[in-house]
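# Inside the fold
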Amino acid sequence: MSISQDLFNTARELIPGGVNSPVRAGSVGMHPLFIARAQGAYMYSQEGDPYIDYVMSWGPMILGHNHPRVRKALEDALQNGTSFGAPCKPEIDLAQEIIDALPGVEMVRMVNSGTEATMSALRLARGYTGRSRVIKFTGCFHGHVDAFLASAGSGAVSIPGTPGVPDEVVAQTLLADYNNLEQVQELFTRYGSDIAAIFVEPAAGNMGLVPPQPGFLEGLRRLADEYGALLVFDEVITGFRLSYSGAQGYYNVIPDLTCLGKIIGGGLPVGAYGGKREIMNKIAPAGEVYQAGTLAGNPLAMTAGLTTLQALKEHDYNYLEEKTSELAQKLKEVLAEKGLPVQLNLLGSLFTLFFTPDPVTDLTSAKKSDQELFRKFYTGMREQGIYLAPLNYECAFNSFAHGPKEWEKTLESAKNLKF
Ligand SMILES: *Cc1c(COP(=O)(O)O)cnc(C)c1O
């Protein structure tokens, strides 16, 4: 038995399912790898085997693992202590960096995770508008916030997406299909004056990558304005990923509120939500909408995030986008030449391969991907040292630490696959 298998068996006795976040356990009948260390584009398993990583901690590590500049900044910050529970300068520096970068953000509040960011932004949107309903899109993920763990019931009524969420908590959550403006229009026609906000991943990354179709984000902006609702972009993945100015800069559609996480923590636990000054000033203690956090604005986390953003400013997003496109197109060709039905969804440094002949534009079309083919793809790649998400409904994350050597090895590995 491998060391990882052995550790996973122990973990399952101690931790539910053996993991601290479900997706890590995978859906492919292969035990997860235990990772001992990570450097650049590589992760090293407990066995000492190197893997070219396309998960990159699910997005944060866009500079590569253990980036020397981030590590050095953290080592320096560590000399000064690990938590103050009082204001510190790195909080302002990171806030300034985020505000300078994102056109929709004039003020920002730091929290500890993406989940906290969306949860707090939802409360703020409701507090600011005095309305209670919220529109979300099926297949978009906004962390494990009760109100967002909703599934489609009959009519426009949502039902809880998991045990433990009462019906009443999702009763205010309205669901629409991604890329479907007509459904959003219908919801506004029916519930308009009671809708506080539209929450959306401006490019969806949690049903596999599903980019917005032309006009979709603009349409949401228009409807939100027309009905006096807030447009909230969940940029936890796309922030500082699609471009330095996020999806909002990339598509030039400016939301009222923005949720952030992942990259802005540089590998430490950070989330943030920000937006128009007038709205953000409703948050306590400036305003009356309550939200707090013992470790929020933690000096180490702020330092890792700030250093990551400063380093990113010196990197060329166009280059990474081009290289990701080359890699992903070639991967698609290799698989198509094997006679497989393949759809490539590609955007910036993100991509997902779906095993279906039909275009993937929402959750329903994503679900058509052949999971047996995905299983063979995942297992075959992992056996050759390529680390992909063990679930088809995730993105592959390229990074500035990957280079021609890694991309070529990835393609060679794909060529060797047998289906
Ligand atoms: C990862 C993610 C979240 C949740 O962030 P956590 O830090 O895991 O709580 C929220 N929204 C999106 C779009 C995400 O990808």
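With an unreviewed UniProt entry as reference, the chain is termed Glutamate-1-semialdehyde 2,1-aminomutase, source organism Desulfonatronospira thiodismutans ASO3-1. What UniProt states about the chain under its Sequence similarities (unreviewed entry) heading is, verbatim, "Belongs to the class-III pyridoxal-phosphate-dependent aminotransferase family. HemL subfamily."

### Topic: the sheet that holds strand 5 (residues 133–138)
Strands sit in the order 4-12-11-10-9-5-8 across an open sheet of seven strands; the sheet is mixed. Only two strands of the sheet have a single partner each, and these edge strands are strand 4 (107–111) and strand 8 (173–177). Strand after strand, the sheet turns through a mean of 20° between neighbouring axes, direction not considered. In terms of strand pairing, strand 4 meets strand 12 (residues 271–275) through five bridges, oriented antiparallel. Note on strand 12: the bridge partner recorded for Met 107 is Gly 275. Running over the sheet, helix 6 (residues 181–191) touches strand 5, strand 8 and strand 9 (195–200) and is turned about 150° from strand 8.

### With respect to the UniProt feature "modified residue: N6-(pyridoxal phosphate)lysine" (unreviewed entry) in the chain
When the UniProt feature table is mapped onto this chain, "modified residue: N6-(pyridoxal phosphate)lysine" (unreviewed entry) is found at Lys 262. Counting through the fold element by element, Lys 262 comes out in the loop between strand 11 (257–260) and strand 12. Among the residues examined, Lys 262 registers a relative accessible area of 24% and is labelled partly exposed.

### Topic: the site of the ligand
In the vicinity of the ligand, the residues found are Ser 113, Gly 114, Thr 115, Phe 141, His 142, Gly 143, Glu 201, Asn 206, Asp 234, Val 236, Ile 237 and Lys 262. Within the side chain of Thr 115, an N or O atom sits 2.6 Å from an oxygen atom of the ligand. A distance of 3.1 Å is found between an oxygen atom of the ligand and a side-chain nitrogen or oxygen belonging to Asn 206. Burial of the ligand by the protein amounts to 82% of the accessible area it has alone, namely 380 Å².

### As for the layout of surface pockets
Quantified by volume, the second largest pocket comes out at close to 600 Å³. Every residue lining the second largest pocket is counted, 29 residues in all, and those nearest its centre are Glu 91, Val 108, Arg 109, Met 110 and Ala 296. Those elements giving two or more residues to the lining of the second largest pocket turn out to be helix 3 (89–101) and strand 4. Ranked by the residues each element gives to the lining of the second largest pocket, the list is headed by helix 3, at five residues.

### Some words on the packing of aromatic side chains
Overall, the coordinates contain twelve aromatic pairs when judged by the stated rule. With a centroid separation of 6.0 Å and 85° between ring planes, the pair formed by Phe 137 and Tyr 178 is classed as edge-to-face. Here the residue Phe 137 occupies a position in strand 5, and Tyr 178 occupies one in the loop between strand 8 and helix 6, the gap between them amounting to 41 residues. Both residues of the pair, Phe 137 and Tyr 178, belong to the buried class. Centre to centre, the rings of Tyr 250 and Tyr 251 are 5.1 Å apart; their planes meet at 75°, and the pair counts as edge-to-face. Here Tyr 250 falls in the partly exposed class, since its relative accessible area comes to 31%. Each residue in the set Phe 137, Tyr 178 and Phe 216 is aromatic and connected to the rest through ring pairs, giving one cluster. Positioned over the ring face of Tyr 44 is Arg 37, at 4.0 Å from the centre of the ring. Above the face of the Tyr 393 ring, Lys 367 is positioned so that its terminal group lies 5.8 Å from the ring centre.

Calculation notes
- Residues numbered from 1 in each chain as written.
- Predicted model: local features only at pLDDT ≥ 70, side-chain atom pairs only at ≥ 80, totals over all residues.
- Heavy atoms only, no water.
- UniProt positions renumbered as here; feature names shortened; annotations may be inferred.
- Pairing = 2+ DSSP bridges.
- Helix = DSSP H or I, 4+ residues; strand = E, 2+ residues; numbered from the N terminus.
- Axes fitted to C-alpha atoms, helices over the stretch in contact; angles between N-to-C directions.
- Contact = heavy atoms within 4.5 Å.
- Buried < 20%, exposed > 50% of the residue type's maximum accessible area, 1.4 Å probe, protein only.
- Near = heavy atom within 4 Å.
- Polar contact = N/O pair within 3.5 Å; in protein donor to acceptor, adjacent residues only side chain to side chain.
- Areas by Shrake-Rupley, 256 points an atom, 1.4 Å probe, with all protein chains shown as cover.
- 1 Å grid on protein atoms, 1.4 Å probe; cavity = no way out; pocket = protein on both sides within 12 Å on 5 of 7 lines; lining within 4 Å.
- Points joined across faces, edges and corners; volume = space filled by probe spheres on them.
- Phe/Tyr/Trp six-rings, centres within 6.5 Å; stacked < 30°, edge-to-face > 60°.
- Lys NZ or Arg CZ within 6 Å of the ring centre and 35° of its normal.

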